[in-house]
Amino acid sequence: MANFNIVMPKLGESIQEGTITKWFVKEGDTVEEDDMLFEVATDKVDSEIPSPVDGVIAKILFPEDSLVPVGEVLAIVNLEGEMEIDDSDAAEMSAEDTTSEEQEVEKTESTVDDSRKLSNRFYSPLVKTIAKEESISLEELETIKGSGANGRVQKKDILEYIKSRGEKAAVKEQPTQPDTAPVVEKKAPVPVSVAEGDKLIEMDRVRKLIADHMVMSKQVSPHVTSVVEADVTELVLWRNKNKDAFQEKYDDKITFMPIFTEAVAMALAEFPLVNSSVDGDKIIMKKDINIGIAVAKPDGNLIVPVIKNAEQRNLVGLTKELNRLANAARTNKLDPTEIQGGTFTITNFGSFGNIIGTPIINQPQVAILATGIIEKKPAVLETPSGDVIAIRHKMYLSLSYDHRIVDGALGGAFLRKIADNLEQFDTNRSI
Ligand code: CO6
């Protein structure tokens, strides 16, 4: 019987497991290639996974909310449209379908690779690798209580076991390398009373991640925010004049964001200390200029895809990449690599008609720019024949920066440079 195993995909270099947050199919459903099967969430990103084949869902092996290692079989699709499956088929296909990297893990495994001989429990390659690294014997592994389907030992189970084993034994260990991720002390929450009629909303996983990330950033970096006003009349007139032609020529819309991004990339090249991260007592000045763009998602959450090497792209390239990433972000189609490696972030408060904002730094970066709404305003212009009042397009730009390494002089000069780049936009540019 021809079965095809659907396995947990590898969603990024460092990602070893994912949580199935939603099944779009159930056992017995007929699927066609590219029909969405399930949604998977990792620490980095959520993705919807399509079926690579046509067939019938013969078996779903993990329910929603299961945390599953990469390469593990999640479901079996019968390619001949039958519902019955034979367990030996599944086991066979499962072994064949593991990636070569995982097969390598299995091959090099010596401490626990005979797991099936002692009991019927199955251990994933990830669990076996951790067991090996921690010198946990098969007998010891058998004693760990598993929280997965059918009592399967998951990564969190073995990690918890290792932690409690360490505490019990009170072993004095050699100090390890300091973790570069900032350690944040959790404060006791302020007690909250719930009155009749109040509505309780459980935060979803991404909201919790955002909340933790924001609290961590405020605790790690002393934030300072500076603000400038920029007269962007020339670039607004240029954009409005070229908007339709751009759409026609490149089949894409040009907004102000790519122009802001270009101005920021140019300024970062001149002020490389703003394009840095802090690691303990060291400053890591980044070679690449990778600009993250905060994108508001329809579900109310926020994600920051990254335009890599922004300083090497022209306005057309920045526009296309920004639109592509924003669309992928809104439809949960971002690849995890597309939200990694940012060295600076821009958040457009103008999207909500706001004039100004004090954004929170996206760690481990050291600065973030907020762009306010462009508005027409009366302004005083100095001319050879005296001052005049004119209607100009103006906006506020605010920069929050990490005072550990960026002082007011640097932060202020960098911010002014962005404003200058926008004010000096070359209106003779062709698209
Ligand atoms: N001024 C004037 N007009 C604007 C502005 C400003 N600042 N921003 C957008 N627009 C206009 C834009 O030009 C479009 O008009 P037309 O071109 O004439 O059609 C229109 O508003 C809609 O723009 P759209 O949002 O579609 O595209 P844009 O390229 O400007 O922005 C985006 C792309 C992905 C940034 C945006 O869609 C978005 O998601 N914005 C929300 C960003 C956000 O949530 N920020 C707060 C997050 S909290 O910062 C935070 C990181 C943490 C600390």
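In the block above lies the structure referred to throughout.
Residues numbered from 1 in each chain as written. Predicted model: local features only at pLDDT ≥ 70, side-chain atom pairs only at ≥ 80, totals over all residues. Heavy atoms only, no water.

**Q** Requested: an account of helix α8 (residues 233–250), with residues and values cited.
**A** Counting along an α-helix, one turn takes 3.6 residues, and residues three or four places apart therefore face a common direction. Counted at 1.5 Å a residue, the expected span for α8 with its 18 residues is 26 Å, and the 24 Å between its end C-alpha atoms agrees. The set of residues buried in α8 consists of Thr233, Leu235, Val236, Trp238, Arg239, Asn242, Phe246 and Tyr250. For α8, the secondary structure elements touched by its buried residues are β9 (223–231), α9 (257–270), α10 (315–330), β19 (386–402) and α11 (408–423). Taken from the residues just after α8, Asp251 is the one with a positive phi, measuring 55°. (Helix = DSSP H or I, 4+ residues; strand = E, 2+ residues; numbered from the N terminus. Expected span 1.5 Å × (residues − 1). Buried < 20%, exposed > 50% of the residue type's maximum accessible area, 1.4 Å probe, protein only. Contact = heavy atoms within 4.5 Å.)

**Q** Could you give an account of the pairing of strand β17 (residues 367–371), with specific residues and numbers?
**A** Counting buried positions along β17 gives five out of five residues, so the element sits mostly inside the fold. The two faces of β17 match: Ala367, Leu369 and Thr371 on one face and Ile368 and Ala370 on the other face are all buried. As paired strands, strand β16 (residues 344–348) and β17 are joined by four bridges and run parallel to one another. Across the sheet, Thr347 pairs through a bridge with Ala370, a residue of β17. (Pairing = 2+ DSSP bridges.)

**Q** Account for the site of the ligand, with residues named and values stated.
**A** Around the ligand sit 23 residues, and of these Arg239, Lys253, Thr255, Arg330 and Thr347 come closest. One nitrogen or oxygen atom from the side chain of Thr255 is found 2.5 Å from an oxygen atom belonging to the ligand. For the ligand, the protein covers 78% of the area, taking 1,000 Å² as the surface of the free molecule. Sorting elements by how many residues they give to the shell around the ligand places α10 first, with three residues. In the shell around the ligand, the residues fall into 13 nonpolar, six polar and four charged. (Near = heavy atom within 4 Å. Polar contact = N/O pair within 3.5 Å; in protein donor to acceptor, adjacent residues only side chain to side chain. Areas by Shrake-Rupley, 256 points an atom, 1.4 Å probe, with all protein chains shown as cover. Nonpolar A, V, L, I, M, F, W, Y, C, P; charged D, E, K, R; others polar.)

**Q** So what's going on with the sheet that holds strand β3 (residues 30–31)? Residues and values would help.
**A** Remark on secondary structure: sheet strands pair via backbone hydrogen bonds, oriented parallel or antiparallel. Taking strand neighbours across the sheet as the criterion, the four strands line up as β1-β8-β6-β3 in an open arrangement whose pairing is antiparallel. For this open sheet the edge positions go to β1 (3–7) and β3, each flanked by a neighbour on one side alone. Alignment of β1 against strand β8 (residues 73–78), held across five bridges, turns out to be antiparallel. In the strand pairing of β8, Phe4 is matched with Val77.

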